[in-house]
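The residues making up each chain are set out below.
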Amino acid sequence: MKRTSWLLATSLAALTAALPVQATEIADYAPVTAERLRAPEAGNWLLTRRTYDGQAHSPLSQITRDNVADLKVAWSLPTGPYVKLSDFAALPARPAHQSPALVNNGVMFMTTPDQQIIALDAATGAEHWRFRHELPSEIIPVHPTNRGVALWEDKLFMATLDAKVVAVDAKTGAKLWEATMEDWQNGYYSTLAPLVVDGVVMAGVSGGEFGIRGFVQGFDANTGDSLWKTFTIPAPGEPGSDTWPGDTWKTGGGPVWITGNYDVKNGLAMWGVGNAAPWIGDMRPGDNLYTTSTIGLDPKSGEIKTHFQYHWNDSWDWDEVVPPTLLTLDGKDLAVRFARNGWIYKLDRTGGTFDFIEGKPYVFQNVFTGLDENGRPSYDPEHVAGTGKRADFCPSAWGGRDWPAEAYNPNLATVFISVNENHCGSAEGSPVEYEPGVLYLGSGLEMAPTEAAKDHIGALQAWDIRTLEKKWQVNFKSPNWGPVLSTEGGLVFVGGTGDSMFRAFDAETGEVLFEHQVDGGIIAPPTSFEVDGKQYIAVTTGWGVDGDRFQGYIDAGMGTETKIPQGGTIWVFAL
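Rules used in this analysis
- Residues numbered from 1 in each chain as written.
- Predicted model: local features only at pLDDT ≥ 70, side-chain atom pairs only at ≥ 80, totals over all residues.
- Heavy atoms only, no water.
- Helix = DSSP H or I, 4+ residues; strand = E, 2+ residues; numbered from the N terminus.
- Rg over C-alpha atoms; globule rule 2.2 N^0.38 Å.
- Buried < 20%, exposed > 50% of the residue type's maximum accessible area, 1.4 Å probe, protein only.
- Contact = heavy atoms within 4.5 Å.
- Salt bridge = Lys/Arg side-chain N within 4 Å of Asp/Glu carboxyl O.
- 1 Å grid on protein atoms, 1.4 Å probe; cavity = no way out; pocket = protein on both sides within 12 Å on 5 of 7 lines; lining within 4 Å.
- Points joined across faces, edges and corners; volume = space filled by probe spheres on them.
- Nonpolar A, V, L, I, M, F, W, Y, C, P; charged D, E, K, R; others polar.
- UniProt positions renumbered as here; feature names shortened; annotations may be inferred.
- Core = buried A, V, L, I, M, F, W, Y, C linked by side-chain atoms within 4.5 Å.
- Polar contact = N/O pair within 3.5 Å; in protein donor to acceptor, adjacent residues only side chain to side chain.

**Concerning the overall build of the protein chain**
Argument step 1. Looking only at helices and strands, the protein chain features three helices and 40 strands.
Argument step 2. The C-alpha atoms of the protein chain give 22 Å as radius of gyration, which agrees with the globular expectation for 575 residues (25 Å, within 12%).
Argument step 3. Principal-axis analysis of the C-alpha atoms places the extent of the protein chain at approximately 60 × 50 × 50 Å.
Argument step 4. Counting the 575 residues in the protein chain, one finds 66% classified as buried.
Argument step 5. A separation threshold of at least 6 residues defines the contact pool for the protein chain, and within that pool the share at least 24 residues apart is 63%.

Have a look at this one:
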């Protein structure tokens with residue numbers, strides 16, 4: 001499957017013609033400093049998960065358990081024009097809105113699947129300006145989406161589907177510089193929001209399914225000059241290179257496609273690393289570092305200072321790209337991660353290293369027979385696929401969770417996470433030859449719902465991090481693809497279900513306290529902000545990509561047909 005036609009030139013021209021030509025410069029824009037990113041004001045949402053530690057918790061408390069039922073739509077705005085499935089015969093999935101609404105002193109920034117950045121008045125929805133990155137007309141996006149911008153001083157930074165990083169003037173939307181990470185024709189692309197630390201703009205690349213050699217790259221925020229490039233697959237002689245046989249490291253995968261978190265105390269940027277390539281492990285014997293791992297990078301040099309691998313020699317396409325949530329509990333610095341492989345990991349990050357404390361499954365998983373004292377799993381060989389060897393495994397390649405982020409309430413020491421369970425997969429390896437820009441899998445993907453899926457597939461879980469015990473779970477008939485927002489008002493906000501509902505739950509009990517049906521499915525992160533003393537909750541509809549694909553497998557297995565509206569609207573709620 002050659003990647004030869006991502007976005008058609010005629011449709012791009014139509015989009016360009018439809019974009020607004022007027023733009024309003026933002027007056028009195030508040031520069032985003034290092035100090036503000038380390039300790040953001042309560043009313044702002046300056047990072048993908050609000051804070052460097054990735055807790056996705058808002059300290060605003062105007063909206064509470066007692067009054068959340070009174071939430072009303074303050075304003076809504078379709079983000080269009082954006083790419084629609086009907087426009088592209090070659091597009092393999094509906095585009096998806098996966099961008100959080102960042103807010104800096106009343107200015108909202110949002111990205112769209114067709115590589116737009118929109119600047120808005122956060123209280124009214126009035127548009128300041130739009131910027132759109134031009135894509136090559138030959139590209140086919142395997143994952144047509146964008147997960148947002150990064151803020152630094154008076155600039156915004158966006159990674160693009162043709163593997164570039166673009167800097168834009170936050171006040172006007174004018175492009176300041178553009179840097180190329182890799183040649184998109186070799187299977188590289190990027191959908192994540194960059195991460196900025198002390199003027200270093202960091203971004204990673206997708207494309208593990210094409211046999212890329214993954215990396216994180218750091219750029220100078222002012223000039224776009226490359227400062228360093230750190231590969232997630234070590235070359236011969238580098239630490240970890242002995243975990244790759246022969247030349248397999250050259251096409252070993254290791255994509256980095258979700259924004260990292262930053263451990264301020266230890267000065268490390270935490271990035272999740274995805275699958276190895278090809279998918280079947282006996283084609284590349286060894287642990288295959290640093291795939292299916294979290295790596296800790298020095299933002300100044302790019303040097304890998306620490307890592308933790310969740311499972312070795314992956315044969316299940318369990319990408320582990322979501323970085324751990326960083327927290328301090330009872331005086332101990334922790335990293336907590338709900339892995340795609342279906343297990344929770346609690347790690348001690350004191351001193352900038354990862355030391356395993358404990359782990360346990362949060363959904364049914366039949367591959368691991370246990371974890372040793374270092375957190376390394378042992379496998380049941382019956383559930384490990386090989387070349388010419390078929391194996392079944394649970395959960396499927398979609399995992400117990402995918403990329404949607406969890407949230408952590410520090411007052412309750414509780415993590416809230418969207419999960420999917422009651423689905424299993426199968427795989428059988430077959431020889432595959434590498435060709436740049438062509439799928440390099442060595443296996444197909446099969447997924448089927450189990451008998452228990454008739455009861456539910458998606459769920460929202462709450463976990464006590466002190467005890468690593470589940471406090472409550474709310475089940476949904478449909479899958480749940482909703483990133484989670486926690487607030488000081490004792491609430492948990494999430495979308496993600498096939499009924500296009502946006503809900504608020506009681507953080508202590510899981511009781512549904514608010515729900516509002518919007519114009520499409522939600523797989524974008526909700527955020528909360530304040531303008532002129534009023535608290536708002538923002539979320540964007542735009543169902544597609546992985547949510548669509550997963551639902552397709554569920555429908556095929558259950559003999560159903562589910563139609564989830566795509567949407568494509570920013571919704572903002574207030575009392």
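**Here we look at the pattern of salt bridges**
Argument step 1. A complete count under the given rule lists 29 salt bridges for this structure.
Argument step 2. For Asp319, the salt bridge is made with Arg340, and the minimal N-O distance between the two is 3.5 Å. Residue Asp319 is found in the loop between strand 20 (304-309) and strand 21 (325-329), and its partner Arg340 is found in the loop between strand 22 (332-338) and strand 23 (343-348); the two are separated by 21 residues along the sequence. Taken individually, Asp319 and Arg340 each receive the classification buried, so the pair is uniform in this respect.
Argument step 3. One salt bridge connects Lys454 with Glu451, and the closest N-O pair in it is separated by 2.9 Å.
Argument step 4. Take Glu451: its relative accessible area is 59%, and that puts it in the exposed class.

**A closer look at the environment of Trp152**
Argument step 1. Looking at where Trp152 falls in the secondary structure, it is placed in strand 9 (residues 150-152).
Argument step 2. If we skip the residues at most four places from it in the chain, Trp152 touches Val32, Thr33, Ala34, Leu37, Phe157, Val196, Asp198, Gly199 and Ala221.

**Examining empty space enclosed by the protein**
Argument step 1. With the rule as written, the count across this model stands at four cavities of 30 Å³ or more.
Argument step 2. Computed from the structure, the largest cavity encloses a volume of approximately 300 Å³.
Argument step 3. As for the largest cavity, its lining consists of 31 residues, of which Thr48, Arg49, Ile258, Thr259 and Ala405 are closest to the centre.
Argument step 4. Those elements that place two or more of their residues in the lining of the largest cavity are strand 9 and strand 13 (195-197).
Argument step 5. The class makeup of the residues in the lining of the largest cavity is 23 nonpolar, six polar and two charged.

**Observations concerning the UniProt feature "binding site: Ca(2+)" (unreviewed entry) in the protein chain**
Argument step 1. Taking the numbering used here, the UniProt-annotated feature "binding site: Ca(2+)" (unreviewed entry) corresponds to Glu209, Asn275 and Asp317. Separation in sequence by 109 residues is not matched in space for these annotated residues, since their most distant C-alpha atoms are only 9.4 Å apart. Restricting the annotated residues just mentioned to those that line the largest pocket leaves Glu209, Asn275 and Asp317.
Argument step 2. Residue placement: Glu209 occurs in the loop between strand 14 (200-204) and strand 15 (215-220).
Argument step 3. The exposure class assigned to Glu209 is buried, which follows from its relative accessible area of 13%.
Argument step 4. Setting aside anything within four residues of it in sequence, one finds Glu209 in contact with Val142, His143, Tyr189, Asn275, Val438, Leu439, Tyr440 and Leu441.
Argument step 5. Along the chain, the position of Asn275 falls in the loop between strand 18 (268-273) and strand 19 (293-297).
Argument step 6. Relative accessible area serves as the criterion here: at 3%, Asn275 is assigned to the buried category.
Argument step 7. Beyond its immediate chain neighbours, meaning those up to four positions away, Asn275 contacts Gly208, Glu209, Gly252, Gly253, Gly254, Pro255, Thr291, Asp314, Asp317 and Asp319.

**Quick look at the nonpolar core**
Argument step 1. If you look at the biggest cluster of nonpolar residues, it comprises 79 residues, and the most contacted ones within it are Phe109, Trp271 and Phe493.
Argument step 2. In this view, Phe493 contacts Ile63, Val68, Leu71, Pro483, Val484, Leu485, Thr487, Phe502, Arg503, Ala504, Pro526 and Ile537; residues no more than four positions away in its chain are not counted.
Argument step 3. Formed by 23 residues, the second largest nonpolar core is a distinct cluster that contains Trp316, Leu326, Trp343 and Val367.

**Some thoughts on the environment of Arg340**
Argument step 1. With relative accessibility at 6%, the residue Arg340 sits in the buried group.
Argument step 2. Sequence-wise, Arg340 and Glu320 are 20 residues apart; in three dimensions their C-alpha atoms are separated by 6.0 Å.
Argument step 3. Polar contacts involving the side chain of Arg340 include one to the main-chain carbonyl oxygen of Ala397, which spans 2.8 Å.

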